[in-house]
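Observations on chain architecture
The lines below spell out each chain.
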Amino acid sequence: MDVKYKTDNKTIIALGIETSCDETSVALINANKEILAHRVASQIKDHEIYGGVVPEIAARAHLSLLPGLLDQVFKDASLTPSDVDVIAATTGPGLIGGVVVGTMAAKAMAAALGKPFVAVNHLEGHALTARLTETIEFPFVLLLVSGGHCQTMLVENVGTYKVLGSTLDDAVGECFDKVAKMLGLPYPGGPQIEKLAVNGNPKAFDFPRPMIGQKHLNFSFSGLKTSVRQAIQKLQTEHDGTLPESIVADVCASFQQTVARVLYDRIKQAFLYTAEHHPDYKQFVVAGGVAANQHIRGALQTVCAEIEFAFYAPPLSLCTDNGAMIAWAGLERFQKGLTDSLDIKPRPRWPMDQIKGISA
Amino acid sequence: MILVFDASIEGFSVGVFHLNSSLIQSVTNSTPYSHTEFLVPTIQGVLSKANAQFQDLTQIVTTKGPGSFTGIRVGLATAAGLRTALNIPVMTVNTLSALAHSAMSHHIVNTSDIHAVLDTKCGEFYHQSFSCKDGKLFVETPPRSLPLKELISVIGSGTVVTDPSSKSMLENIPCVTTLLTLEGVLSASNDTASEDLQPLYVRSANINHPKRDA
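Residues numbered from 1 in each chain as written. Chains lettered and ligands numbered in written order. Predicted model: local features only at pLDDT ≥ 70, side-chain atom pairs only at ≥ 80, totals over all residues. Heavy atoms only, no water.

Moving on: the domain arrangement of chain A. All names here are of chain A. Taken domain by domain, chain A consists of domain 1 (13–133 + 318–354) and domain 2 (140–313). Each of domain 1 and domain 2 has a C-alpha centre, and these two points are 27 Å apart. The partner domain 2 presents 21 residues to the 24 residues of domain 1 that form the contact. Interface area for domain 1 against domain 2, summed over the two sides, is near 1800 Å², with a carbon-plus-sulfur share of 72%. (Domains from an automatic or database assignment. Contact = heavy atoms within 4.5 Å. Buried area = accessible area lost by both parts, 1.4 Å probe.)

Structure (structure tokens):
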């Protein structure tokens, strides 16, 4: 039952499984950064009537979707499971019922094929995605913005991350989803807000900009969320419960503009800190589902241009949760010798600065 | 060679059997919630003790519930990974049927009215009734989740078969207690197995009302 490591020159192939939230996804990639197969099954339809992800429903959906996706990616890539050199799965952080499904399937495959297993931290998957699609050397400053996370960190190498700042309350994507829900927009709300904001006036409402100008590097969005909620409630009273489309558009545009302005400021502070203490950092990567928002991307590109950081973002399809990023992180870790034993326990919480690095 | 495992109640067990259903090696780990860590290494260990390799397996049999929702998924996701890797058939069996077969194979029940019962840990009991004729089990009712009062009326004068982790919840109901055995799982697979990986939760995800506000 020894793990067999590859010795010939064939390009290494990695399988990645992602099941930590509401996307079930499997990918096959190789060390030449080619995505050989990639399937993403969204569960949005299962969760939308609840206005958010329901953990038990998500766990059930992952189990019903995953076996079919595994078969499908091998067909898509015209490969067999024995062609794979390393098997990676998200083992946390995330909704544990789903993480268990992906982790167990991956461990069973690794055992049966006699191939190494890599337990990938979901956040590390996001952090390294830009290296799959672009040529970016370490180190870089990372902003991770998604439905569950909002943090900046110094990415020194594979497995070596230093958190600069994190949200003290809500994640940005969570804030988008909740504002959308208040406006009666379908789940997930982020893309809806971006769509409606196009026709709205970003200056129609003057929402608070939490922490703007402050020297520390943390984030906060709950005050903004509350302020938007109060404004919406007031508007609903004024309009007998139903808001005209133009006002919904104005709320979306003003809210999105405020978030972009806050992120611009927080990243500026992170850059100023980094320039002073870590002058070798000259690159910036944004990752996570919120990085798909073009308005927010624009604000981040502006601050990069001002402080002279090179700006990188994964393509939109790799910003949201996906198996390719897990396969890539698994491949990067495997190439550094960072494989895991098959008695790894899935973890609902797993901060990035607790990830096992090369020196550990 | 057949690999049989169960993780659907508490803890887990793993065994390898000859095609004629004789046991070669098995391991049971009764520590609750240890399956996510140790199920796969235990499968490796049991095969190794049997001097066998994954490639020697021709079939996999596991349980699909009812039982612990997480336990069901641990078993079926593991089976899914093994099926993809080895390209061999996976048979899944109803846990209540496997429990009834476990009691039968130990010759501790020989009545014609058998009720397999497991604690749902949500205030109710999974129940399925079987009849027994000439040493063979026949399904009488589909698996259901019942409150205690209804369970008592359904059982009537029949024989209740349950596992040790559910026994204390059955108050004063007389019952035959047996561990869910791998022999029982294998024997149940000869009667009523599915060739897909569909779980048998019996209970819904327990979400009653969609939330209306953030």
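All right, on to the sheet that holds strand β5 (residues 90–93) of chain B then. All names here are of chain B. Overall, mixed pairing links the 6 strands, which are arranged β3-β2-β1-β4-β5-β12 in an open sheet. Of all the strands in the sheet, just β3 (23–29) and β12 (193–194) have a single pairing partner and so form its edges. As judged from the 4 bridges shared by strand β1 (residues 2–6) and strand β4 (residues 59–63), these two strands associate in the parallel manner. Among the inter-strand pairings, Ile2 is bridged to a residue of β4, identified as Gln59. Where helix α1 (residues 35–49) meets the sheet, its contacts fall on β1, β2 (12–17) and β3, and the angle it forms with β2 comes to roughly 20°. (Pairing = 2+ DSSP bridges. Helix = DSSP H or I, 4+ residues; strand = E, 2+ residues; numbered from the N terminus. Axes fitted to C-alpha atoms, helices over the stretch in contact; angles between N-to-C directions.)

Let us look at the packing of aromatic side chains. Residue and element names in this part refer to chain A. Taken as a whole, this structure holds 8 aromatic pairs over all chains when the rule is applied. Between Phe176 and Phe255 the ring centres are 4.9 Å apart and the planes differ by 70°, which places this aromatic pair in the edge-to-face class. Pair noted here: Phe176 is in helix α5 (residues 172–182) and Phe255 is in helix α8 (residues 245–277), with a separation of 79 residues, a long-range link. For the pair shown, Phe176 and Phe255 are each scored as buried. Consider the rings of Phe271 and Phe284, whose centres lie 5.3 Å apart with planes at 85°: the pair is edge-to-face. Placement of Phe271 in helix α8 and of Phe284 in strand β9 (residues 283–287) is noted, with a sequence separation of 13 residues between them. Feature note: the residues Phe271, Phe284, Phe309 and Phe311 constitute an aromatic cluster, connected by ring pairs. (Phe/Tyr/Trp six-rings, centres within 6.5 Å; stacked < 30°, edge-to-face > 60°. Buried < 20%, exposed > 50% of the residue type's maximum accessible area, 1.4 Å probe, protein only.)

All right, on to the sheet that holds strand β8 (residues 160–166) of chain A then. Strand pairs in the sheet, formed through backbone hydrogen bonds, run parallel or antiparallel to each other. Residue and element names in this part refer to chain A. Ordered by their spatial adjacency, 5 strands build an open sheet running β8-β7-β6-β9-β10, and the pairing between neighbours is mixed. Every other strand in the sheet has two partners, leaving β8 and β10 (310–312) as the edge strands with one partner each. The mean angle between the axes of side-by-side strands here comes to 25°, regardless of whether they run parallel or antiparallel. The pairing of β9 with β10 spans 3 bridges and is classified as parallel. When the sheet's bridge partners are listed, Val285 is paired in β10 with Tyr312.

Contact residues are listed per partner, giving 38 residues for chain B and 33 residues for chain A. Counting each side, the surface lost to burial between chain B and chain A is near 3000 Å², with a carbon and sulfur contribution of 70%. Viewed at the interface, chain A and chain B are joined by 2 salt bridges. Seen at the junction of chain B and chain A, the total is 3 residue pairs in polar contact (both at pLDDT 80 or more). Only α1 and α2 (69–86) of chain B provide two or more residues apiece to the side of chain B that touches chain A. Ranked by residues supplied to the side of chain B that touches chain A, first place goes to α2 of chain B with 13 residues. Of the residues belonging to the side of chain B that touches chain A, the class tally is 23 nonpolar, 9 polar and 6 charged. (Salt bridge = Lys/Arg side-chain N within 4 Å of Asp/Glu carboxyl O. Polar contact = N/O pair within 3.5 Å; in protein donor to acceptor, adjacent residues only side chain to side chain. Nonpolar A, V, L, I, M, F, W, Y, C, P; charged D, E, K, R; others polar.)

This structure, assessed with the given rule, holds 0 disulfides over all chains. The cysteine Cys319 of chain A is free of any disulfide, with Cys304 of chain A supplying the nearest cysteine sulfur at 14 Å. (Disulfide = S-S within 2.5 Å.)

Once that is clear, we can look at the domain arrangement of chain B. All names here are of chain B. Taken domain by domain, chain B holds domain 1 (2–95 + 181–212) and domain 2 (101–177). Listed as interface residues are 18 residues of domain 1 and, on the opposing side, 19 residues of domain 2. Both faces combined, the contact of domain 1 with domain 2 buries some 1400 Å², and carbon together with sulfur accounts for 56% of it. At the junction of domain 1 with domain 2, the criterion picks out 3 salt bridges. Note that Asp191 and Lys136 form a salt bridge whose closest N and O atoms lie 3.7 Å from each other. At the junction of domain 1 and domain 2, the tally comes to 7 residue pairs in polar contact (both at pLDDT 80 or more). The class makeup of the residues in the side of domain 1 that touches domain 2 is 7 nonpolar, 7 polar and 4 charged.

Right, let's talk about the pattern of salt bridges for a bit. Taken as a whole and assessed by the stated rule, the structure comprises 16 salt bridges over all chains. Here Lys45 of chain A and Glu48 of chain A are joined by a salt bridge, their closest N and O atoms 3.6 Å apart. Where Lys234 of chain A meets Glu238 of chain A, a salt bridge forms, and the shortest distance between an N and an O atom there is 3.7 Å. Pair noted here: Lys234 of chain A and Glu238 of chain A are both in helix α7 (residues 222–238), with a separation of 4 residues, about one helical turn. When its relative accessible area of 56% is taken as the criterion, Lys234 of chain A is described as exposed. Linked through salt bridges whose partners overlap, the residues forming this network are Glu56 and Arg60 of chain A together with Arg73 of chain B.

Packing of helix α3 (residues 96–113) of chain A against α2 of chain B leaves a shortest axis separation of 7 Å and a crossing angle of 35°. In the crossing of α3 of chain A with α2 of chain B, the sense of the turn from one axis to the other is right-handed. Facing α3 of chain A, whose interface residues are Gly97, Val100, Val101, Met104, Ala105, Ala108, Met109, Ala112 and Leu113 of chain A, α2 of chain B presents Arg73, Val74, Ala77, Thr78, Gly81, Leu82, Thr84, Ala85 and Leu86 of chain B. In terms of residue class, the contact of α3 of chain A with α2 of chain B is built from 13 nonpolar, 4 polar and 1 charged. (Left-handed = near helix turned anticlockwise from the far one by under 90°.)

A separate point is the environment of Ser145 of chain B. Residues and elements named next belong to chain B. Mapped onto the fold, Ser145 is located in strand β9 (residues 144–146). It is 21 Å that separates the C-alpha atoms of Ser145 and Ser194, two residues lying 49 residues apart in sequence. Not counting residues up to four positions away in its chain, the partners in contact with Ser145 are Thr120, Glu124, Phe125, Tyr126, Val202 and Arg203. Side chain to side chain, Ser145 and Arg203 meet in a polar contact 2.9 Å long.

Turning to the pairing of β3 of chain B, a few remarks are in order. Residues and elements named next belong to chain B. In terms of strand pairing, β2 meets β3 through 6 bridges, oriented antiparallel. Residue pairing for β3: Phe17 is matched across the bridge by Leu23. Here β2 folds back onto β3, and the loop between the two strands holds 5 residues, one of which, Ser21, carries a positive phi near 75°.

What follows is about unusual backbone geometry. Leaving glycine out, the prevailing phi sign among residues is negative, and the prevailing peptide bond configuration is trans. Residues and elements named next belong to chain A. Of the consecutive residues Gly92 and Pro93, the connecting peptide bond is found in the cis state with omega at -10°. With respect to the element layout, Pro93 can be found in the loop between β4 (86–92) and α3. Backbone torsion omega between Tyr187 and Pro188 reads -5°, so that peptide bond is classified as cis. Among the structural elements, Pro188 can be located in the loop between α5 and α6 (189–197). For Glu308, which is not a glycine, the phi torsion comes out positive at approximately 65°. Following the sequence through the fold, Glu308 ends up in the loop between α9 (294–307) and β10.

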